[in-house]
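Close look at the chain arrangement
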Amino acid sequence: MPEGHTIHRLAAEHQRMFGGRAVRASSPQGRFAEGAARLDGRVLVGADAHGKHLLLGFDDESTLHVHLGIYGKVGFGGLPAPEPVGLVRLRLEGGEHFADLRGPNRCEVLEPGGVKLLRDRLGPDPLRADADPEAAWRRISRARTPVGVLLMDQSVVAGPGNIYRAEVLFRQGVDPRLPGRRLSAERWAGIWSDLVVLMAEGVRAGRIDTVRPEHTPEAMGRPPRVDDHGGEVYVYRRAGLPCLVCGTAVAAAVLAGRNLFWCPGCQPSAA
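Predicted model, so just to flag it, every value in this text is computed and none were measured.

The next subject is the sheet that holds strand E6 (residues 88–94). Strand order across the open sheet formed by four strands is E1-E6-E7-E5, with antiparallel pairing between neighbours. Here the strands that pair on one side only, and so sit at the sheet edges, are strand E1 (24–26) and strand E5 (73–78). Direction aside, neighbouring strands of the sheet carry axes that sit 15° apart on average. Packed onto the sheet, helix H1 (residues 4–18) meets E5, E6 and strand E7 (97–102) and runs at close to 25° relative to E5.

The following block contains the structure:
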């Protein structure tokens, strides 16, 4: 599932291509025909993201809400648009560009009240200027739930997924199995600050890189990481390999149904 930085990039791309323009909207697949008809001819007045949710606002105060989920994708191209290929849920056309949405988990038109309800159930997003990390801390500091689970709970912190979860906890030396209420305020401040920086870099670069300058392939004289997700990381999907910092074998387990990665040497046991 795309992490929050990807959705913020999609928002920026929609704004660049369609912002301030009337768009043509259609549903080649037919599953979103009614919603597309409502958006057709409307002006896109703003593209936004909150965590993993894409929000496109139109001039009738309606908002297109898209959650890509595991299989959703957005493809962009120039006009004239070709005949749709595959199951295109929604096609937007405007200016010189088109965007095709395929396989989203959610694709719906919301009224202002619906947008508020959506935002109210999401935690603060490290990529948003209006984020309040104290709102997340109030929940984390009272929870018996492991911090590694809390960071994946979008109602606690919106945006991070499995990669950012694993990497930020490594960088802050926090055992992902540590109960939230045993996490210090100082460590939480470090986790939040790191998420803000790392995810902003993800928006800029379009990939997740989390290693510090002294641990890059060039600095260490090691080959670059080869992985479908791209980017240089410390522990994510490196189970059994030596930690880039201390040499301990990276550990893996399943926590709340998701694969978890950490370094037992750099992230001492919470026991």
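There is more to say after this.
Next up on the list: the domain arrangement of the chain. Size of an interface, as often reported, equals the accessible area lost when the parts are brought together. Under the domain assignment used here, the chain contains domain 1 (4–120) and domain 2 (133–262). Computed from C-alpha coordinates alone, the two centres of domain 1 and domain 2 are separated by 30 Å. Facing seven residues of domain 1, the contacting portion of domain 2 comprises 14 residues. Of the roughly 680 Å² buried between domain 1 and domain 2 on both sides combined, carbon and sulfur atoms contribute 65%. For domain 1, the biggest contributors to the area lost against domain 2 are His 5, Arg 9 and Lys 52; these three give 72% of the whole. Viewed at the interface, domain 2 and domain 1 are joined by zero salt bridges. Put simply, domain 1 and domain 2 have two residue pairs in polar contact (both at pLDDT 80 or more) between them. Ranked by residues supplied to the side of domain 1 that touches domain 2, first place goes to H1 with four residues. Considered class by class, the residues forming the side of domain 1 that touches domain 2 number no nonpolar, five polar and two charged.

Between Leu 79 and Pro 80 the backbone carries a cis peptide bond, its omega angle lying at 5°. Positionally, Pro 80 belongs in the loop between E5 and E6. Phi at Glu 61 takes a positive value of approximately 70°, unusual for a residue other than glycine. Here the phi dihedral of Arg 237 falls at roughly 55°; this positive angle occurs in a residue that is not glycine. Structurally, Arg 237 is set in the loop between helix H8 (217–220) and strand E9 (251–255). The class of Arg 237 is partly exposed, set by a relative accessible area of 39%.

Procedures and definitions
Residues numbered from 1 in each chain as written. Predicted model: local features only at pLDDT ≥ 70, side-chain atom pairs only at ≥ 80, totals over all residues. Heavy atoms only, no water. Pairing = 2+ DSSP bridges. Helix = DSSP H or I, 4+ residues; strand = E, 2+ residues; numbered from the N terminus. Axes fitted to C-alpha atoms, helices over the stretch in contact; angles between N-to-C directions. Contact = heavy atoms within 4.5 Å. Domains from an automatic or database assignment. Buried area = accessible area lost by both parts, 1.4 Å probe. Salt bridge = Lys/Arg side-chain N within 4 Å of Asp/Glu carboxyl O. Polar contact = N/O pair within 3.5 Å; in protein donor to acceptor, adjacent residues only side chain to side chain. Nonpolar A, V, L, I, M, F, W, Y, C, P; charged D, E, K, R; others polar. Buried < 20%, exposed > 50% of the residue type's maximum accessible area, 1.4 Å probe, protein only.

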